[in-house]
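# Fold and contact review
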Amino acid sequence: MREKQKKQSAERLEVLERIRLYEKEGGDSFHRDVEPDPEGHPLTPDEVDYLQVKFSSRFHAFVTRILAAIAQRILRRDLRIRVVGEEHLENLKRQGGGAILTSNHFSKFENLAVKEVADRIGGGRRFWRVIKEFNYFQPGIVGYLMRHCDTLPLSKNLKTMRLFSQAMEELLGRGDLVLVYPEQAMWWNYRKPRPFKEGAFFYAAKHGVPIVPIFVTMEDQDTLDGDGFPKQAYTVHVMPLIYPDPSLSLRENERRMLEENQRLCHEKYKEVYGFNVTYG
């Protein structure tokens, strides 16, 4: 039985209203942020150490991986995280090599649910997360994790983005796993799959690695969160891997892989929730 109703957060209600408006607008509005960014600036090359070459970078990464592992253990229980479709990972486990993981983006914490998949792939692969630029400047413990916990921040600075691209090549080439959110913006507790941006599929096609398509579905728990909304239970669905076709060009592969990933998410949404994906 659901606990006594708490007053719902005005901030969360405003976010939900922006989501409703952006969904109705459609188009590029699907990729707009619904929550304010922290103050920041375009990351310059000297501000980020993508490959953790410096000792200080490696030290902070070690500390934050411990913190993230603790958080993952807590959230696994709190959000009742379960993984289904693990059988689709068997070829990747056997063959080795890097991969790009894609997932819907609806929470600051669902990346730890996606990490459950990375942990099942195993093989000593490191798990990296692509984050948007201004998340790098968040204050407090969240900001510390964003800066150091195996993250790859994007940037409007072209020189920094060259370093980002070089890091992607290095990490995928040595067999690591990289999480990219093709929906781009985080829409809080939004259950539908949104249209994708091309970035994840460009890098998969360019470096000849598979996409591990993931779609996380949610179910209301009987308890309320701190904002007065039902706490969610997460089911992490792993779907059939999508491999580049060597007979196609980079752009053809990029488009084909994006469309297949999108199709799988739409089908999973209908399977779990019982509705076709419609907007507005």
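Residues numbered from 1 in each chain as written. Predicted model: local features only at pLDDT ≥ 70, side-chain atom pairs only at ≥ 80, totals over all residues. Heavy atoms only, no water.

### What to know about unusual backbone geometry
One non-glycine residue, R80, lies in the positive phi region at around 50°. Relative to the elements of secondary structure, R80 occurs in the loop between α2 (55–78) and β1 (82–84). Of note, Q184 is a non-glycine position whose phi angle comes to about 75°, a positive value. Assignment of secondary structure puts Q184 in the loop between β5 (177–180) and α7 (199–207). The partly exposed category is assigned to Q184, whose relative accessible area is 44%. (Helix = DSSP H or I, 4+ residues; strand = E, 2+ residues; numbered from the N terminus. Buried < 20%, exposed > 50% of the residue type's maximum accessible area, 1.4 Å probe, protein only.)

### Some points on the environment of Y273
Take Y273: it is sitting in helix α8 (residues 250–273). Along the backbone, Y273 and L152 are 121 residues apart, and their C-alpha atoms lie at a distance of 33 Å. Those residues in contact with Y273 that lie beyond four places of it in its chain are R191, T217 and M218. Among the polar contacts made by the side chain of Y273, one reaches the main-chain amide nitrogen of M218 at a distance of 2.8 Å. (Contact = heavy atoms within 4.5 Å. Polar contact = N/O pair within 3.5 Å; in protein donor to acceptor, adjacent residues only side chain to side chain.)

### Focus on helix α5 (residues 140–148)
Because an α-helix completes one turn every 3.6 residues, residues spaced three or four positions apart along the sequence face the same direction. Listing the buried residues of α5 in full gives G143, M146 and H148. Looking at the buried positions of α5, the neighbouring elements they touch are α2, β3 (127–131) and β4 (151–153). Following α5 by one or two positions, D150 adopts a phi angle in the positive range, close to 50°.

### Overview of the sheet that holds strand β2 (residues 99–102)
Hydrogen bonds between backbone atoms are what pair the strands of a sheet, whose relative direction is either parallel or antiparallel. Pairing within the open sheet is mixed, and its seven strands lie in the order β1-β7-β6-β2-β5-β3-β4. Taken across any chain shown, the strands that pair with only one partner, and hence form the sheet edges, are β1 and β4. Neighbouring strand axes in the sheet, compared pairwise and without regard to direction, differ in orientation by 30° on average. Where β3 meets β4, three bridges bridge the pair, whose relative direction is parallel. Looking across to β4, one finds that R129 is bridged to T151. Strands in contact with helix α4 (residues 110–121) are β1, β2, β3, β5, β6 (211–224) and β7 (230–238); relative to β3, the strand with the most contacts, it is inclined by about 150°. (Pairing = 2+ DSSP bridges. Axes fitted to C-alpha atoms, helices over the stretch in contact; angles between N-to-C directions.)

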